[in-house]
Amino acid sequence: MLRRPVEQSRAPPGCDVDFRIEPELCVACLACVRVCPADAVAVDGQQVHIVDEACTRCGLCLPACPHDAIVAHGDLGRALELAKGGRATLILSVESAAYFYPDTPEQVVNACYAAGFRTVHRGVLGDELVAQEYLQLWSEDGWGTMIRSTCPVVVETIEHEYPELIPYLAPVATPVAAEARYLKRMYGARTPVVYAGVCLTEGGPDVDAAVTFEDLRQLLQRRGVGIPEQPLHFDRLPEERRRHLSTAGGLPLEVLMEETHASRRFRKVRGMGQLEAIARAVAVDHIDLGFVDILPCEGCLDHPLLGPRDQLFWRREIVGATEPARSRLPVIDPDVAEGVQVAEAFPIPRNGLRPAEEAVEAVLGEIGLAPNGKPWDCGACGYPTCRLFAEAAALGRTTLRSCPPYLDKQAQQAKLQAAVDSLTGLATFRVLRDRLASEVARSARTGDSFAVLFVDLDNFKQVNDSFGHEAGNEVLRSTAHEFGPLIRSTDLAARYGGDEFVVVLIRTGTDGARGVAEKVRAQVEAMGRRLGYPEALVTASIGLAEHRPGPETQDVLVAADRALYRAKAAGRNQIATGDE
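**Let's talk about the sheet that holds strand S7 (residues 145–147)**
Sheet architecture is open: three strands sit in the order S7-S11-S10, paired in parallel fashion. Unpaired on one side and paired on the other, S7 and strand S10 (266–270) mark the two borders of the sheet. Geometrically, the sheet is characterised by an average inter-axis angle of 20 degrees between neighbouring strands, direction not taken into account.

Set out below in structure tokens:
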């Protein structure tokens, strides 16, 4: 049966490794929010930062940021101090061959020795220890489902997002952690261990310092060591570089050769998005999946810290050319390995921070429902459902600026606000301008005429001065209300500004427009009396003009405006036409 040690629990990393967002470069575009699988990016207005305790260090945010605002930092200061001490051993991951190219692996190792490291190992010993543990587990029966646990990104994602899968994690440490324990056993428990690679949390608390390859380059520069100046051959006897059981990453070569991709006992899965399907298969459908070899990407060579994905096969070619020879005999000293704990336990964490339900519902209310009455669940925000997005937003891990349906709704509301006068509810001048241009074009095509009424409230300034601005607003609202029963759905009533209104009457000539104008004039006068104002104080003067298509057609709005001034000059509360 599957063995699960309980004497050792998984502690948080002991070295200072983090991803940071540089405020001076960040423009809060939220591209990092959309790709982060751990909801580890917090948004506070225009300030964006990474929540360290939630970050799994997968690195997906680095290439996603179009402004190069995200940087990865290892514990360079601590590693430099340990190198100066001359007692530290360095675990240099095999991906360094691609990162430091065209400098050779021999030159990089020589430079590390010159910088003060006591020994330099290439991660082979950790791979061998882990492969040996996996082989022992593989030989046992009855384990049903076992998930590869050598990738800390997978483990941390499972702990944060899918705790139901924790019992199915293979009880095996990462290769770097296993090698660090082996080296401390071999050189002494007080020997500092530094790890240089791309997956900086892989060593956990067993590593005294973890640095990126760029950190290592800076370390060598500060120690006055240049890689290109180093010999092309090892200038001292190298540490163990041969493999016996393992492949890079710690899986046994025997298992990979024995099981095909169609095997029901071995499944190769790439991408963290597959964890949801695995969790359902195991915890809900109770399916035995066998050994699940899951990684967030195509191995460490595909890590964002190494460069763009389109160079993946080039990096594989470089690292493949430096692959160590395979030994027929074990390369692990059994006496040393006997005291090394390769097994690992993964305790189930307590429930984390959950957002308040009312806050989640408030976000969902802002998003609204799709036209079919169901949640949008479009996934464009980076979350599979609107509820998951709302939960993240309630925790400050994203904002509504990442939600396209919400942004579309806001745009429609803004467009509506620009089209409708907030006081009267009539169309605005912008809508009037566009509508007039459309009607002129339609009239030129069809030969139909249309009319425009320019309506101005007489004595409106006197109403404001004598009765107050709220009384004036009430007069404006009531006047706008009078237009409703008098115009068809195809016509348009718009507030031109202040106390002026414009009515566009489609397929209407001067005679028909005069009838509408007279009804407007009479109803405004009656409205003034109804509101209790003195006789003849609230009235309307109206200018009327007809647009007829032809080569000498004048601006109908200008013609109506001129007619309005004639109506006011004639004594107000009258109608004048552009033909007069």
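There's plenty left to go through after this.
**A closer look at the side chain of Thr 89**
Relative to the elements of secondary structure, Thr 89 occurs in strand S5 (residues 89–92). A relative accessible area of 0% means that Thr 89 is categorised as buried. In terms of polar contacts, Thr 89 uses its side chain to reach the side chain of Thr 119, at 2.4 Å. Look past the residues within four positions of Thr 89 in its chain and what remains in contact with it is Phe 117, Thr 119, His 121, Leu 183, Tyr 187, Thr 191, Pro 192, Val 193 and Val 194.

**Observations concerning the packing of aromatic side chains**
In this description, a pair of aromatic rings is defined by centroid distance and the angle of the planes. The tally for this structure, following the rule as stated, stands at 14 aromatic pairs. A centroid spacing of 5.5 Å and a plane angle of 80 degrees characterise the contact between Tyr 101 and Trp 314, whose relative ring orientation is edge-to-face. Taken together, the residues span a long stretch of sequence, with Tyr 101 in the loop between helix H4 (96–99) and helix H5 (105–114) and Trp 314 in helix H12 (residues 312–321) at a distance of 213 residues. Looking at Tyr 101, the relative accessible area reads 45%, which means it is partly exposed. Here the aromatic rings of Phe 266 and Phe 291 are separated by 5.7 Å at their centres, their planes lie at 15 degrees, and the arrangement is stacked. Here Phe 291 lies in strand S11 (residues 290–295) and Phe 266 lies in strand S10, a separation of 25 residues in the sequence. Residue classification places Phe 266 among the buried positions, given a relative accessible area of 5%. With a relative accessible area of 2%, Phe 291 lands in the buried category. Taken together through their ring pairs, the aromatic side chains of Tyr 134, Trp 138, Trp 143, Phe 266 and Phe 291 make up a single cluster.

**Thoughts on the pairing of S5**
Here S5 shows a buried face lined by Thr 89 and Ile 91 and a second buried face lined by Leu 90 and Leu 92. Bridge count for S5 against strand S6 (residues 119–121) is three bridges, and the pairing is parallel. What sits directly across from Ile 91, in S6, is His 121.

Quick notes on the rules
Residues numbered from 1 in each chain as written. Predicted model: local features only at pLDDT ≥ 70, side-chain atom pairs only at ≥ 80, totals over all residues. Heavy atoms only, no water. Pairing = 2+ DSSP bridges. Helix = DSSP H or I, 4+ residues; strand = E, 2+ residues; numbered from the N terminus. Axes fitted to C-alpha atoms, helices over the stretch in contact; angles between N-to-C directions. Buried < 20%, exposed > 50% of the residue type's maximum accessible area, 1.4 Å probe, protein only. Polar contact = N/O pair within 3.5 Å; in protein donor to acceptor, adjacent residues only side chain to side chain. Contact = heavy atoms within 4.5 Å. Phe/Tyr/Trp six-rings, centres within 6.5 Å; stacked < 30°, edge-to-face > 60°.

Geometry only, nothing functional implied.
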